[in-house]
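# Coordinate inspection notes
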Amino acid sequence: MTENIRHFLDLDVLDAALLRHLVDEARQRKQARQGCSQGAPDDDAPLAGQVLALLFEKPSTRTRVSFDVGMRQLGGETLILNRDVTQLGRGETVSDTARVLSRYVDALMVRSDSHDTLLELAAAARIPVVNGLTDHSHPCQLLADILTFEEHKGPITNRSVAWIGDGNNVATSWIHAAVKFDFELRLACPAGLKPEAKVLDWARREGGHILLTEDPQEAAVHADCIVTDTWVSMGDNDAEQRMEMLAPYQVDAALMTLADHQAIFMHCLPAHRGEEVTAEVLDGSQSVVMDGAENRLHAQKSILVWCLSGWDK
Ligand code: CP
Ligand code: NVA
């Protein structure tokens, strides 16, 4: 039955207690692997005998490698499909693709140009589907980011995070996370690049602590974390206009000074030094971006275990 399939599509449709469990499990699995080589399986190898397919419509470094290595550490196997080497690239329907893949593999991770494609795949699939980024959201990134924040700063509940820049797909998942993990999120975005209105409306209905401003300084003051992302996401075709709108939103040392003196800097990567963030901040002592990248591996393993082997609350 489709409704019993454990898809991981977006944080807003998942239970807060489950999301907390996934972060905690990721932390425990990470700790249990201290000193192991990357190729060594976890002791319990919970996904032995299972196959994960990774379908990409856009480029990726972190998502591709961390899902691949993570699935192997869980005892399972992977295969990587780029859209253009499948019949999807020649017009086979999304629905048929989902139904066919459901006969060969146990779970499907998708990085898609369009969120609608992800939803269509999930609706037709008979296996769990995981969102590995769409134009709308990036929920796997956020589980890793919560883990990273908490490793450096302790529990995120009631803390404050400032998002500076484009109100893009990663910003959407930060808004979802702010509601589910109960922290304050201040977003500083230019008027033309605000987060999706329906996402902000949802957060307000849910009682989320969300501030939206056009002033980066207002967002940054006393924040526990400053976070940003590229000014030109994959699929954006208005780079010049974006650069102009976002120029006042660069995260630099002066902006970091406004935050709490022990604030951390996060970025999902890939980064563009001299655009959304200066090299001084990205490579500086407050930056935890490499821990964030590593934590994609641990967070996604926890997601895969939930999708494929169940979770009894
Ligand atoms: N942060 C992230 O998703 O990186 P990739 O595009 O390299 O997968
Ligand atoms: N917002 C960026 C995130 C990349 C991981 C993009 O969609 O390209």
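Everything here concerns the structure above.
About the criteria used
- Counting restarts for each chain: residues are numbered from 1 in the order of the written sequence.
- The order in which chains are written sets their letters, starting at A; the order in which ligands are written sets their numbers, starting at 1.
- Local features in this predicted model are restricted to residues whose pLDDT is 70 or higher, and side-chain atom pairs enter the listing and the counts only when it is 80 or higher, whereas totals over whole chains, interfaces and linings include all residues.
- Water and hydrogen atoms were dropped before computing side-chain values, which therefore reflect all heavy atoms in the structure.
- Only buried residues count toward a nonpolar core, which is a set of Ala, Val, Leu, Ile, Met, Phe, Trp, Tyr and Cys residues joined through side-chain atoms within 4.5 Å.
- Only protein chains enter the accessibility calculation, which uses a 1.4 Å probe; a residue whose area is less than 20% of its type maximum is buried, one above 50% is exposed, and one in between is partly exposed.
- By definition, any uninterrupted DSSP run of H or I lasting at least four residues is a helix, any uninterrupted run of E lasting at least two residues is a strand, and each is numbered from the N terminus.
- In this description, contact between two residues means that some pair of their heavy atoms is separated by no more than 4.5 Å.
- A pair of strands counts as paired when DSSP detects no fewer than two bridges linking them.
- Between N-to-C directions, angles span 0 to 180 degrees; the directions come from axes that are lines fitted to C-alpha atoms, helices contributing only their stretch in contact.

## Some details on the nonpolar core
One broad trend across soluble globular proteins is that nonpolar side chains are buried collectively. Formed by 58 residues in total, the largest nonpolar core has its most connected members in F8, W174, F183 and L185. With eight residues, the single largest contributor to this core is helix α6 (residues 169-181). Apart from residues no more than four positions distant in its own chain, L185 is found in contact with V161, W163, W174, I175, A178, H209, I210 and L211. If you look at the next biggest cluster of nonpolar residues, it comprises 23 residues, including L193, I226, A259 and A293.

## Notes on the pairing of strand β9 (residues 264-267)
Burial along β9 is two-sided: the face carrying I264 and M266 and the face carrying F265 and H267 are both buried. Summarising the sheet, strand β8 (residues 225-228) and β9 pair through four bridges and their orientation is parallel. Within β9, the position partnered with T228 by the bridge is H267.

## Notes on the sheet that holds β9
Here five strands make up an open sheet; going across it, the order is β7-β6-β5-β8-β9 and the pairing parallel. The two strands at the open ends of the sheet, each matched to only one other strand, are β7 (209-213) and β9. Averaged over all pairs of adjacent strands, the angle between strand axes in this sheet comes to 20°, irrespective of strand direction. Examined bridge by bridge, strand β5 (residues 160-164) and β8 share three bridges and lie parallel to one another. Along β8, the bridge assignment pairs A162 with I226.

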